[in-house]
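What the coordinates show
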Amino acid sequence: MVKFFGGKKTIDENSSENQKIVLDMNNIPKHIAIIMDGNGRWAKARNLPRSMGHKAGVESIINIVKECDKIGVKYLTLYAFSTENWKRPKDEVSALMNLIVEYLKRELDEMHRNNVKIKSMGDLTKLPDKCRKALEDAFEKTKDNTGVVLNIALNYGGRDDIIRGVKSLVKDVQEGKLSIDDINEGMFNDYLYTKNIPDPDLIIRPSGEQRLSNFLLWQCAYSEFSYSDINWPDFKPQNLIEAIYDYQNRNRRFGGIK
Ligand code: FPP
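Residues numbered from 1 in each chain as written. Predicted model: local features only at pLDDT ≥ 70, side-chain atom pairs only at ≥ 80, totals over all residues. Heavy atoms only, no water.

Put simply, the rule reads: UniProt positions are given in the numbering used here, feature names are shortened, and annotations may be inferred rather than shown by experiment.
Named according to an unreviewed UniProt entry, the protein chain is Isoprenyl transferase originating from Sarcina ventriculi. Per UniProt, the comment on the protein chain under Sequence similarities (unreviewed entry) is "Belongs to the UPP synthase family." Annotation of the protein chain in UniProt includes, under Subunit (unreviewed entry), the sentence "Homodimer."

Set out below in structure tokens:
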């Protein structure tokens, strides 16, 4: 039994209803962002170290990237490491950094063949050299790809994103490149890590938690949210399809009326 909170449907994994989900291919969210939560609980439930939960979470990433590519999602943003995650035990932080390196080593060629473009958001200068280098190689290798954009949020925080944007905007005003009257909502995204990326249509957070945890604070103004009780390592392509199906049955009004 998989429970989606706040949605219209409760889907029983054993029911034939699962097979009946038909997505409207004209209404696939252009940008999906995922808070990959529940790795620690997944591991704890199996008496495994937390790092094994993150390792299992990588398998979900691989499957979800493929699914997004298959159904035509244009941008997939994954919250892999927040500005607050440095507070975790040193060995967990280093296990996460190593997993990123291993993931790229293992999957980069296939992602490249599948036309995936790899990007990141967040301050990479604080990451271990090995991890930053692996990411930079991946950006370079996939920079001309035109398929799904896999945007990995690393050392990312929504507040940090906004503060950096404001600082850089003020600098442009001070240097006379921008007038105060030119500042508006539409152009502010150009000062954020999500420059050239549309706001997320759908933000997914599995594992039972229902909060944003400093993710995409500016960009989420009109995002739809999907919460479920599945831990990230158990999150399957079918769960993505269910979340998109639910999204497609919502009434997005952007503050207007329909
Ligand atoms: C949150 O679960 C998960 C994270 C902080 C890390 C997510 C990272 C990965 C899945 C792998 C590395 C990333 C890439 C791109 C290869 P949690 O540990 O807070 O879970 P809990 O709430 O159950 O303790």
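1. As for the side chain of Q248
What counts, and what does not: Only runs of H or I of at least four residues qualify as helices and only runs of E of at least two qualify as strands under DSSP, and these elements are numbered from the N terminus. Identification of polar contacts relies on pairs of N or O atoms within 3.5 Å, with a donor-acceptor requirement for protein atoms, meaning one able to donate a hydrogen and the other able to accept it, and with residues adjacent in sequence counted only if both atoms are side-chain atoms. By definition, residues are in contact when any of their heavy atoms lie within 4.5 Å.
Along the polypeptide, Q248 turns up in helix α8 (residues 237–248). Only 2.9 Å separates the side chain of Q248 from the backbone oxygen of N27, close enough to count as a polar contact. Among all residues touching Q248, those that are not within four sequence positions of it are L23, D24, N27 and I28.

2. Observations concerning the environment of W42
Among the secondary structure elements, W42 is positioned in helix α2 (residues 39–44). Note: C-alpha distance between W42 and G57 (15 residues apart in sequence) is 9.3 Å. Apart from residues lying up to four places away in sequence, W42 is in contact with L48, M52, G53, A56, N231, P233 and D234.

3. A closer look at the confidence of the model for the protein chain
Cut-off, in case you're wondering: On a range of 0 to 100, pLDDT expresses the predictor's confidence in each residue.
When pLDDT is averaged along the protein chain, the result is 94; 93% of the residues meet or exceed 70. No element of the protein chain has a lower mean pLDDT than strand β1 (residues 4–5), which averages 54, and none a higher one than strand β2 (residues 31–35), which averages 99. Segment residues 6–12: pLDDT under 50, and 19 contacts once partners within four positions in sequence are set aside and those in other chains are kept.

4. Considerations on the packing of helix α3 (residues 50–71) against α8
The cut-off we apply is this: Axis angles are defined between N-to-C directions and span 0 to 180 degrees, where every axis is a line fitted to C-alpha atoms and, for a helix, only to the segment in contact. In this scheme, roughly parallel covers angles under 35 degrees and roughly antiparallel covers those over 145, while 65 to 115 is roughly perpendicular and the rest are oblique. Crossings are sorted by hand: turned counterclockwise from the far helix by less than a right angle, the near helix makes the crossing left-handed, and turned clockwise it makes it right-handed.
It is at 9 Å that the axes of α3 and α8 come closest, and there the two elements cross at 50 degrees. What the angle tells us is that α3 and α8 run oblique. In this structure, α3 crosses over α8, and the sense of that crossing is right-handed. Facing α3, whose interface residues are N63, I64, E67, C68 and I71, α8 presents P237, L240, I241 and I244.

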